[in-house]
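# Chains, contacts and geometry: an overview
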Amino acid sequence: MKALREFVDKQKPHFEKGGRFEKLHSTFEAFETFLFVPNTVTNTGAHIRDAIDMKRTMIIVVLALIPPLLFGIWNVGYQHFLSNGMAPDFWPMVGFGLLKVLPLIVVSYITGLAIEFAFAQSRGHEVNEGFLVTGMLIPLVMPPDVPLWMVAVATAFAVIIGKEVFGGTGMNILNPALTARAFLFFAYPSEMSGDRVWIAEKADAYSGATPLGHLLVLDADKLPSDWAMFSGLIPGSIGETSTIAILLGAIVLIATGIGSFRIMASVVTGGLVMGLLFNLWGANAYMDIPAYQHLIMGGFAFGTVYMATDPVSASQTNRGKLIYGFLIGLIAVLIRVFNPAYPEGMMLSILLMNVFAPLIDHYVVQSNIKKRLKRSKAGTAKV
Amino acid sequence: MSTDKQEREPLFSTKNRKLLTNPLNIDNPITVQVLGICSALAVTAKIKPAFVMALSVIVVTTLANLIISVLRNGIPPRIRIIVQLVVIASLVILVDQVLKAFVYDVSKQLSVFVGLIITNCIIMGRLEAFAMGNKPWPSILDGIGNGLGYGVILIVVGFVRELFGSGTIWGFQVIPEAFYELGYKNNGFMILPPMALIIVGIIIWIQRSRNPELIEEK
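The present account deals with the structure reproduced in this document. (Residues numbered from 1 in each chain as written. Chains lettered and ligands numbered in written order. Predicted model: local features only at pLDDT ≥ 70, side-chain atom pairs only at ≥ 80, totals over all residues. Heavy atoms only, no water.)

In this section: the overall build of chain A. A tally of regular secondary structure across chain A gives 17 helices and zero strands. The buried share of chain A, taken over its 383 residues, is 50%. Restricting the contact set of chain A to residue pairs at least 6 apart, pairs at least 24 apart contribute 71%. (Helix = DSSP H or I, 4+ residues; strand = E, 2+ residues; numbered from the N terminus. Buried < 20%, exposed > 50% of the residue type's maximum accessible area, 1.4 Å probe, protein only. Contact = heavy atoms within 4.5 Å.)

Moving on: the interface of chain B and chain A. The interface is formed by 12 residues belonging to chain B together with 14 residues belonging to chain A. Each partner contributes to the roughly 950 Å² buried at the junction of chain B and chain A, and carbon and sulfur atoms together form 74% of this total. Taken as a group, Lys185, Phe189 and Trp205 of chain B account for 52% of the area that chain B buries against chain A, more than any other trio of residues on that side. Remark: the boundary between chain B and chain A carries zero salt bridges. Taken together, the connections running from chain B to chain A amount to three residue pairs in polar contact (both at pLDDT 80 or more). Of all elements in the fold, only α10 (188–191) and α11 (193–210) of chain B reach the threshold of two or more residues within the side of chain B that touches chain A. Of the residues forming the side of chain B that touches chain A, the biggest block, four residues, is contributed by α11 of chain B. A breakdown of the residues in the side of chain B that touches chain A according to their chemical character gives seven nonpolar, four polar and one charged. (Buried area = accessible area lost by both parts, 1.4 Å probe. Salt bridge = Lys/Arg side-chain N within 4 Å of Asp/Glu carboxyl O. Polar contact = N/O pair within 3.5 Å; in protein donor to acceptor, adjacent residues only side chain to side chain. Nonpolar A, V, L, I, M, F, W, Y, C, P; charged D, E, K, R; others polar.)

Further remarks concern the packing of aromatic side chains. For the structure on display, the rule yields 21 aromatic pairs over all chains. Look at Phe90 of chain A and Trp91 of chain A: their rings are 5.0 Å apart centre to centre, the planes differ by 75°, and that puts the pair in the edge-to-face class. Following the ring pairs from residue to residue traces out a cluster consisting of Trp149 and Tyr188 of chain A together with Phe179, Tyr180 and Tyr184 of chain B. (Phe/Tyr/Trp six-rings, centres within 6.5 Å; stacked < 30°, edge-to-face > 60°.)

It is worth spelling out the layout of surface pockets at this point. Within this model, the largest pocket holds a volume of roughly 910 Å³. Taken together, 30 residues make up the lining of the largest pocket; nearest its centre are Ile161, Gly162, Val165 and Phe166 of chain A together with Ile198 of chain B. When residues of the lining of the largest pocket are traced back to their parent elements, those giving at least two are α7 (148–162), α8 (176–187) and α17 (345–382) of chain A together with α11 of chain B. No other element matches α11 of chain B, which puts seven residues into the lining of the largest pocket. Grouping the amino acids of the lining of the largest pocket by side-chain chemistry returns 20 nonpolar, five polar and five charged. (1 Å grid on protein atoms, 1.4 Å probe; cavity = no way out; pocket = protein on both sides within 12 Å on 5 of 7 lines; lining within 4 Å. Points joined across faces, edges and corners; volume = space filled by probe spheres on them.)

This part is about the packing of helix α5 (residues 90–123) of chain A against helix α6 (residues 130–140) of chain A. Residue and element names in this part refer to chain A. Where α5 meets α6, the closest approach of the two axes is 8 Å, and the angle between their N-to-C directions is 145°. The interaxial crossing formed by α5 with α6 has right-handed handedness. Counting all contacts with α5, which are made through Leu104, Ile105, Ser108, Tyr109, Gly112, Leu113 and Glu116, the residues of α6 involved are Phe131, Leu132, Gly135, Met136, Ile138 and Pro139. (Axes fitted to C-alpha atoms, helices over the stretch in contact; angles between N-to-C directions. Left-handed = near helix turned anticlockwise from the far one by under 90°.)

All names here are of chain A. Under the defined criterion, the tally for this structure stands at three cavities of 30 Å³ or more. Considering only enclosed or pocket space, the second largest cavity measures out at about 60 Å³ in volume. Taken together, 14 residues make up the lining of the second largest cavity; nearest its centre are Asn75, Val76, Pro144, Trp198 and Gly236. Taken together, the residues of the lining of the second largest cavity break down into eight nonpolar, six polar and no charged.

Below, the discussion takes up α11 of chain B. An ideal rise of 1.5 Å per residue puts 26 Å on 18 residues; α11 of chain B measures up with 26 Å between its terminal C-alpha atoms. Within the sequence span of α11 of chain B, burial applies to Met195, Ala196, Ile198, Ile199, Val200, Ile203 and Gln207 of chain B. Taken together, the buried residues of α11 of chain B touch α7 and α8 of chain A together with α2 (37–42), α8 (136–166) and α10 of chain B. (Expected span 1.5 Å × (residues − 1).)

Moving on, we come to the environment of Ile153 of chain B. Residues and elements named next belong to chain B. Here Ile153 lies in helix α8. Separated by 18 residues in the primary sequence, Ile153 and Lys135 have C-alpha atoms spaced 28 Å apart. Among residues more than four places away in sequence, those in contact with Ile153 are Asn28, Ile30, Thr31 and Ile203.

Residues and elements named next belong to chain A. Along the polypeptide, Pro68 turns up in helix α4 (residues 66–83). With a relative accessible area of 1%, Pro68 lands in the buried category. Sequence separation between Pro68 and Phe302 is 234 residues; the distance between their C-alpha atoms is 8.8 Å. Filtering out sequence-adjacent residues up to four positions away, Pro68 remains in contact with Ile238, Gly239, Ala245, Ile246, Phe302 and Tyr306.

What follows is the structure in structure tokens.
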């Protein structure tokens, strides 16, 4: 460790002003703070500083993504062999899954980081860590068979149009990972929906539809059992099938205080409320889906835990978070039931509410100001 | 100013040339004044309708600017908007008929948007801002300039959208079949109007980073 520190310190002068590699300053800075906690301190005013900086925050989110990632890798292999009528051991499944998933992760990170570094260099600021999480989220919301160049195009679109245009990490209006997925969903619908793409190299005769896909053609009988949907033994995007793995991630996020439990709880409530309302209405087969099943189908759980809680694009005020989350759950189920052509209501509803989050915050703050003004007026009137 | 006897100006004085070139650059009707966005989103999925639309708008702005500039001293100010609308509407109907007669298929694709040139803010804006107070010759130049400025953006957006959305340019296949066999696919998002908005946004981004004087002060 000490040798590493000395090595880094030795290289430092080259990257400072006037050094040989002055232009690459932000690149060097990114790697240095990646290895060591930075020793800079705030030098003006009195601030309460938390020991945790953005890099550590992001790393914890990446840690929380490991359960769905590992399960996803295994499930990709499992679904592939199942569709081909084979039943190999554990390791061949993992091996096949790795072969499919690793390239996606590598492509997403390389494309995204290259763009981030380029922007940081040209704008002369430090490389932000935001992409560490985005780069992991993007492969997890892709179907396993998506062509790699599409992932690269979508990642570039999400990082440039979704984030850098607005000023980089922390300034983006939309969640970048969902922007990437939405881009692919509208640009290459045949690769992102239907029943062909969810199992890697599947046999032709085998139906590869996701639960939401079955609903699209009103095949409610073919829905997998609740246990299969909860545990994740179903075709789907890589990271979203297993509700159990996602719950593990949720525990990590809530325990460390990084993911907002207010948002998660209110998204679930919103989805349940809308599901129950539709159950009461019961006009067609979609409306009759039990409310709890909405929570374990499709990307609802994944979106709730990892996407809706994105601290940049979500509401900032506590009351705002409740409204924001509730509406996400509500609209997600609404889109699923009323427009089955867009099976992934969760993605669209989170993006929609991302846009509304600043508005919600504005009204929460304004109403608080009004309330306190009223209180202070009432107080002075008494005196 | 318009009625004063001035020294005879050369036809293409610097001032007059600016009338032609400014709308192409720092005074572009779409990217700087942000006018005429609606039709820019609607007709740019393919380059051919975009080109025809651009041509129609150039004709209408030029002629409308000329006619209003000639009439400007005879128009009672209180009803000037109505007079301008009558002029624009007649010109648009003419253009529409010509398109129907000679390029019927494109006219079909443009459908309602030719008629909607009447409501295009660029034309009305030029009449109000320029033709009502300037002589015919500068008004013609201003009309051509603004029509061109609009047309250039339309064609650039149409080019990008058609190339990536359909793999064609002006209806001819340009992306080779071999690419498709390797797994390349046309980008369906390009066909949708939101992508036109994003491309216009990118053009504005590039233009502003090259012309710092366009960036507002914070």
